[in-house]
Amino acid sequence: MAGTEKKPAAAKRSVGRPRKLDPDVMVATARRIVEEEGVAALSMRRVAKELGSTPMALYHYVRDKDELLMLTLSGTADSFPRPELPADPRERLLAVSVHMHDILGRLPWVLDILALGGLTDKNALWMVEEILDSALACGLSPARSVRAYRTIWSYVYGDLIFRRAAARRAENPPRVQYFPEMVTDEDAATLPRLSAVKDRWHEYAADYDVADELDAIISGLISRGTRSASGAPPG
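Residues numbered from 1 in each chain as written. Predicted model: local features only at pLDDT ≥ 70, side-chain atom pairs only at ≥ 80, totals over all residues. Heavy atoms only, no water.

K.L.:
Lay out the overall build of the protein with the relevant residues and their values.
P.N.:
Counting secondary structure elements, the protein contains 11 helices and zero strands. Listing every helix and strand of the protein by position from the N terminus yields α-α-α-α-α-α-α-α-α-α-α. Put simply, 67% of the contacts in the protein that link residues at least 6 apart link residues at least 24 apart. About 15600 Å² of surface is accessible on the protein, with carbon and sulfur atoms providing 55% of the total. (Helix = DSSP H or I, 4+ residues; strand = E, 2+ residues; numbered from the N terminus. Contact = heavy atoms within 4.5 Å. Areas by Shrake-Rupley, 256 points an atom, 1.4 Å probe, with all protein chains shown as cover.)

K.L.:
Tell me about the confidence of the model for the protein, residues and numbers included.
P.N.:
With 89% of its residues at a pLDDT of 70 or more, the protein has an overall mean of 86. Under a pLDDT of 50 for its full length, residues 10-16 has, in the predicted model, zero contacts with residues more than four places off or in other chains. (pLDDT = per-residue confidence, 0-100.)

K.L.:
I'd love a proper account of helix 1 (residues 23-37), names of residues and values included.
P.N.:
Under the 1.5 Å per step criterion, the end-to-end length of helix 1 is 21 Å for 15 residues, consistent within 8% with the ideal 21 Å. What helix 1 keeps buried is the set Met-26, Val-27, Thr-29, Ala-30, Ile-33 and Val-34. Looking straight down helix 1, one finds that the buried residues subtend no more than 160° of arc, so they occupy a single side. Counted as exposed and oriented over 90 degrees from the buried face of helix 1: Asp-24 and Glu-36. (Expected span 1.5 Å × (residues − 1). Buried < 20%, exposed > 50% of the residue type's maximum accessible area, 1.4 Å probe, protein only. Arc of directions from axis to C-beta.)

K.L.:
Before we move on, could you go through the pattern of salt bridges and cite the residues and values that matter?
P.N.:
Under the counting rule described, the total for this entry stands at 15 salt bridges. Here Asp-159 ties to Arg-163 by a salt bridge, and the two come within 2.6 Å at their closest N and O atoms. Placement of the pair is Asp-159 and Arg-163 together in helix 8 (residues 142-171), with a separation of four residues, close to one helical turn. Overall, the relative accessible area of 8% leaves Asp-159 in the buried class. Residue Arg-163 is classed as partly exposed on the basis of its relative accessible area, which comes to 37%. A salt bridge links Glu-203 to Arg-200; the shortest N-O distance between them is 2.7 Å. What emerges from the salt-bridge pattern is a single network uniting Arg-32, Glu-36, Glu-37, Arg-46 and Glu-50. (Salt bridge = Lys/Arg side-chain N within 4 Å of Asp/Glu carboxyl O.)

K.L.:
Explain the environment of Leu-221 to me, and be specific about the residues and the numbers.
P.N.:
Here Leu-221 lies in helix 11 (residues 210-229). Accessibility expressed as a relative area gives 11% for Leu-221, which makes it buried. For the pair formed by Leu-221 and Ile-152, sequence separation is 69 residues and the distance between their alpha carbons is 9.5 Å. Residues in contact with Leu-221, not counting those within four places in the same chain, are Leu-140, Ala-148, Thr-151 and Ile-152.

Set out below in structure tokens:
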């Protein structure tokens, strides 16, 4: 009958699979977020949103945020060539420690990830291996070699955190006075030593050399460790 013809049924829209993620792009996106905004800005939801995907899709590739952070670290150490290391174990210990400080100083975002504890780039462990091997070759026991590494790492990490804070403060000078400017002539009675050097504090600090300070730390670690091993009182 005219006018009663059935219209052809609309074709059903097929439900396709979610777009497959590229793991390399996922990791690169996570690294960019951490580099530009810090670790706190990184989340599975944030990465998924930037990739036009869902958090559940990311979980097919990584277990959690920590594993994603581990992947962002992967390969960072290899982007810096290993230095030629001296044969002398003490000099090798110093060279590796300075190298570790140098590369981390160029990768401030890595410090934030390392601060979480337990997360590291496995390819960077050669530095830990060299420090332990050098310390053992210098006469330290296995226990003291591990403690030596911890002491060196604490110095390296602490110095870099301090430098980053100082640089941030220099870019945005505070409106209030901080150390050492907060020390005034009125404090001379209670803080005589600080009062005596406060005006030249920045001048003295400008001569601060990381390699020299690490050299002094290493000298102390070796001296204490070998003296103890020889049976002499550790005093």
